[in-house]
Amino acid sequence: MKWTINGQVREAEVDFRTSLLDLLRERFQLSGTKKGCNQGACGACTVLLDGRRINACLTLAAQVQGREITTIEGLSDGEALHPVQVAFVEHDGFQCGYCTPGQICSAVGLAGELERGWPSAVTKDLKTTDVAFDREELRERMSGNLCRCGAYNGIVDAVSEALG
Ligand code: FES
């Protein structure tokens, strides 16, 4: 099977029961995508599928063969962090950091949804968005990503700035 992962075509033979999460972490050593609940409840495994945010633990690798997958490793441009990553650093949008890759991928997917309609596309220039929404709506739209440290204020600040 083949996938385009972070812009590179990758191939592997996998059992049809292999999740996308296990493919990324165990076959391709893309360990930035985290395994939390492994049942679709926490959002730690959020990645972008053709720019749309999904839970990699609930997605079979075989289901998405031939598609474009972006993980946290694919968001930065060399040494340059993605604007959402910069905003998380500036606003302390994390504590232990375990949920952070999923939070950031989710925010990037949300930006794409807001800017371009559905399905969304990955964008690296979030400042061009004309869409504004309040904090409560933002919290709702990010509610699929849990933070057990409770660093939500920083997370909402970061996403709000990145998408504002
Ligand atoms: Fe996928 Fe929790 S690990 S949603």
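What you see is a predicted model; the values in this text were computed from it and never measured.

Criteria and thresholds
Residues numbered from 1 in each chain as written. Predicted model: local features only at pLDDT ≥ 70, side-chain atom pairs only at ≥ 80, totals over all residues. Pairing = 2+ DSSP bridges. Helix = DSSP H or I, 4+ residues; strand = E, 2+ residues; numbered from the N terminus. Axes fitted to C-alpha atoms, helices over the stretch in contact; angles between N-to-C directions. Core = buried A, V, L, I, M, F, W, Y, C linked by C-beta atoms within 7 Å. Buried ≥ 20, exposed ≤ 12 C-beta atoms within 10 Å, placed from the backbone. Domains from an automatic or database assignment. Parallel < 35°, antiparallel > 145°, perpendicular 65-115°, else oblique. Left-handed = near helix turned anticlockwise from the far one by under 90°. Contact = placed C-beta atoms within 7 Å. Nonpolar A, V, L, I, M, F, W, Y, C, P; charged D, E, K, R; others polar.

Some points on the sheet that holds strand 5 (residues 68-70)
And then number 1: A sheet is described by the order of its strands in space; here five strands give the open sequence 2-1-5-3-4, paired in mixed fashion. Taken across any chain shown, the strands that pair with only one partner, and hence form the sheet edges, are strand 2 (8-11) and strand 4 (52-55). When the angles between neighbouring strand axes are averaged without regard to direction, this sheet yields 40°.
And then number 2: Sheet topology note: the strand 3 (residues 46-49)/strand 5 ladder contains two bridges and is antiparallel. Of the residues in strand 5, the one forming a bridge with L48 is T70.

Here's the deal with the nonpolar core
And then number 1: If you look at the biggest cluster of nonpolar residues, it comprises 37 residues, and the most contacted ones within it are V47, A56, V84, I104, A107, V108 and A162.
And then number 2: Among the elements that make up this core, the one with the highest residue count is helix 3 (residues 100-116) (six residues).
And then number 3: The residue makeup of this core includes at least three contributed by each of domain 1 (2-74) and domain 2 (83-163).

Describing unusual backbone geometry
And then number 1: Although it is not a glycine, N38 adopts a positive phi angle of roughly 60°.
And then number 2: Here N38 lies in the loop between helix 1 (20-27) and strand 3.
And then number 3: On the basis of neighbour count, N38 is assigned to the partly exposed category, with 16 C-beta atoms found within 10 Å.
And then number 4: The backbone of D92 shows a phi angle near 50°, a positive value even though the residue is not glycine.
And then number 5: Its place among the elements puts D92 in the loop between helix 2 (83-90) and helix 3.
And then number 6: We classify D92 as partly exposed; it has 13 C-beta atoms within 10 Å.

Considering the pairing of strand 3
And then number 1: As paired strands, strand 3 and strand 4 are joined by four bridges and run antiparallel to one another. For V47, the partnering residue across the bridge sits in strand 4 and is I54.

Brief notes about the domain arrangement of the protein chain
And then number 1: Assigned domains of the protein chain: these are domain 1 (2-74) and domain 2 (83-163).
And then number 2: Listed by contribution, the elements that provide at least two residues to the side of domain 1 that touches domain 2 are strand 3 and strand 4.
And then number 3: In terms of residue count, strand 3 provides more of the side of domain 1 that touches domain 2 than any other element does, three residues in total.

Things to note about helix 2
And then number 1: Among the residues of helix 2, P83, V84, Q85, A87 and F88 are the ones counted as buried.
And then number 2: Downstream of helix 2 by one or two residues, D92 has phi in the positive range, about 50°.

A word on the packing of helix 2 against helix 5 (residues 152-163)
And then number 1: At a closest axis distance of 8 Å, the pairing of helix 2 and helix 5 adopts a crossing angle of 140°. Relative to helix 5, helix 2 is oriented oblique. Where helix 2 crosses over helix 5, the handedness of that crossing is right-handed. Where helix 2 abuts helix 5, its residues P83, V84, A87 and F88 lie against A158, E161 and A162.
And then number 2: Taken together, the residues of the contact of helix 2 with helix 5 break down into six nonpolar, no polar and one charged.

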